[in-house]
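Residues per chain, in single letters:
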Amino acid sequence: MSVAVPGRVEFSPLEIVRNGMWSFSKGFADSLRGAIELFFLDYRRAQQREQKLQQRDIDRELLLNRNSPVREIQNIAKRRALERREKERLRETSGSQQKKSEPNILERTLKCCILNGGVFGVSIVLFESLLMPLVKMILYIFLAGSQDRADALWGYTQPILSVAFSTLWVLPFFLLSKIVNAIWFQDIADLAFRSSQGRPLVTLSISVMIADTVFSIVVEIIFLVQGKVFSMVPIKIIGAALNLLHQCLLHSLYSFEYKWFSQGLELHKRLDYVETNWPYFLGFGLPLAVITSMPDSQVMAGCVFSILFPLFIVSGNQASIVSSPGIPPLNIFSPTITLSNAIFSRTIQTGHSKPLTR
């Protein structure tokens, strides 16, 4: 038995399942490449830069010695270019020439890990696992003769300490880290894209880029809410599976969005790409979706996401998407797009209907 599609090749159910499983497994494997590629991208970028500088010096020497015989001029040019590059390298390593080096991918990733895991995450763990139990133990030691008073006092003390810690440390640091992470994520994405595909190919105007970014944020927020709504399905296991599906596709969209934006793909094309090749993106987003769903606290989940996300940005830049022949598109973004268009249409109409005042 085969599935007949007008104008397309027919696939049997077994072939369709096999294609879907292959795309899913390929996406899952590609998502883990970032942890390995991270240590090679900076080396490749350095090699490419060195080759360009050597070629520039060779071209310069060829131009200066253009009256010499061809074979002789090529040998002289290569030798002098290598000597000049070696002298420049020695000056840089000896410190005689102070030059600010451009940030690398590994450096940015380590900073994300230190900021989100080493500072933010550890501080929350220490507060909840060390400071709070210590204060409780001291309180019960001083009120050892009255268990009821100790319980009542701890009932007031615990929420006060939690609110104070959340207000004075967690919330400000969380907002600050979001801003810093956004800058570092963009740096990592730009460096990874240049190391593999060269300069960004964006040809969009500034106004289109801003509109695309704003609309992307709105669509992603609504899609996140859509996943939470589907998770409320009465059958618990189906609700959890639908929510996981949304999370996987959303995390894949996050990971590939930097690359696609650098390639000049607009939002509707990016969403169509995810819907068309959804088995691949389901596998790609699965590791990050599962890991970030483990913490009970949303703040800790965001912290874990910020630590791991740079690896998935690198994976997205290096990935080769595999299609799933025979599997129809999953129009899972359609409700989100419809609601987003309605919101923006109503906002624009409201803005135009208001009279201009001075």
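These numbers come from a predicted model, not from an experiment.

Chemist: Mind showing me how you'd approach the overall build of the chain here?
Modeler: Check the secondary structure of the chain and you find 11 helices and 0 strands. Element order for the chain, N to C, with α for helix and β for strand: α-α-α-α-α-α-α-α-α-α-α. Taking all 358 residues of the chain together, 35% fall into the buried category.

Chemist: When you look at the environment of serine 320 in this model, what are you seeing that I'm missing?
Modeler: Along the chain, the position of serine 320 falls in the loop between helix H10 (298-318) and helix H11 (334-353). Overall, the relative accessible area of 47% leaves serine 320 in the partly exposed class. Distance from serine 320 to lysine 26, taken between C-alpha atoms, is 9.0 Å for residues 294 residues apart in sequence. Non-local contacts of serine 320, meaning those with residues more than four positions away in its chain, are made with Lys26, Asp30 and Tyr280.

Chemist: What's the story with the packing of helix H1 (residues 13-31) against helix H9 (residues 278-292) in this structure? I'm lost.
Modeler: Helix-helix packing is described using two parameters, namely the angle between the two axes and the distance between the axes. Across the interface, H1 lies against H9 with an axial gap of 7 Å and an inter-helix angle of 35 degrees. Seen along the crossing, H1 lies across H9 with a hand that is right-handed. On H9, the residues touching Gly20, Ser23, Phe24, Lys26, Gly27, Phe28, Asp30 and Ser31 of H1 are Pro279, Tyr280, Leu282, Gly283, Phe284, Leu286 and Pro287.

Chemist: I keep staring at the packing of helix H7 (residues 236-262) against helix H8 (residues 267-276) and nothing clicks. Help me out?
Modeler: The N-to-C vectors of H7 and H8 enclose an angle of 135 degrees; their axes lie 11 Å apart at closest approach. With respect to each other, H7 and H8 are oriented oblique. By crossing handedness, the relation of H7 to H8 is classed as right-handed. Here Leu249, Leu253, Glu257, Trp260 and Phe261 of H7 come into contact with H8, specifically with Leu267, Arg270, Leu271, Tyr273 and Val274.

Chemist: Help me understand the nonpolar core in this model?
Modeler: One broad rule of soluble globular proteins: the nonpolar side chains tend to lie buried together. Among the nonpolar cores identified, the biggest contains 54 residues, and Ile105, Phe256, Val274, Tyr280, Phe281 and Phe333 are the most heavily contacted of them. If you list the elements that add at least two residues to this core, you get helix H2 (34-64), helix H4 (105-142), helix H5 (147-197), helix H6 (206-230), H7, H8, H9 and H10. Examining the composition of this core, we find that 11 residues originate from one element, H5, more than from any other.

What counts, and at which threshold
Residues numbered from 1 in each chain as written. Predicted model: local features only at pLDDT ≥ 70, side-chain atom pairs only at ≥ 80, totals over all residues. Heavy atoms only, no water. Helix = DSSP H or I, 4+ residues; strand = E, 2+ residues; numbered from the N terminus. Buried < 20%, exposed > 50% of the residue type's maximum accessible area, 1.4 Å probe, protein only. Contact = heavy atoms within 4.5 Å. Axes fitted to C-alpha atoms, helices over the stretch in contact; angles between N-to-C directions. Left-handed = near helix turned anticlockwise from the far one by under 90°. Parallel < 35°, antiparallel > 145°, perpendicular 65-115°, else oblique. Core = buried A, V, L, I, M, F, W, Y, C linked by side-chain atoms within 4.5 Å.

Spatial relationships are all this shows, so hold off on functional conclusions.
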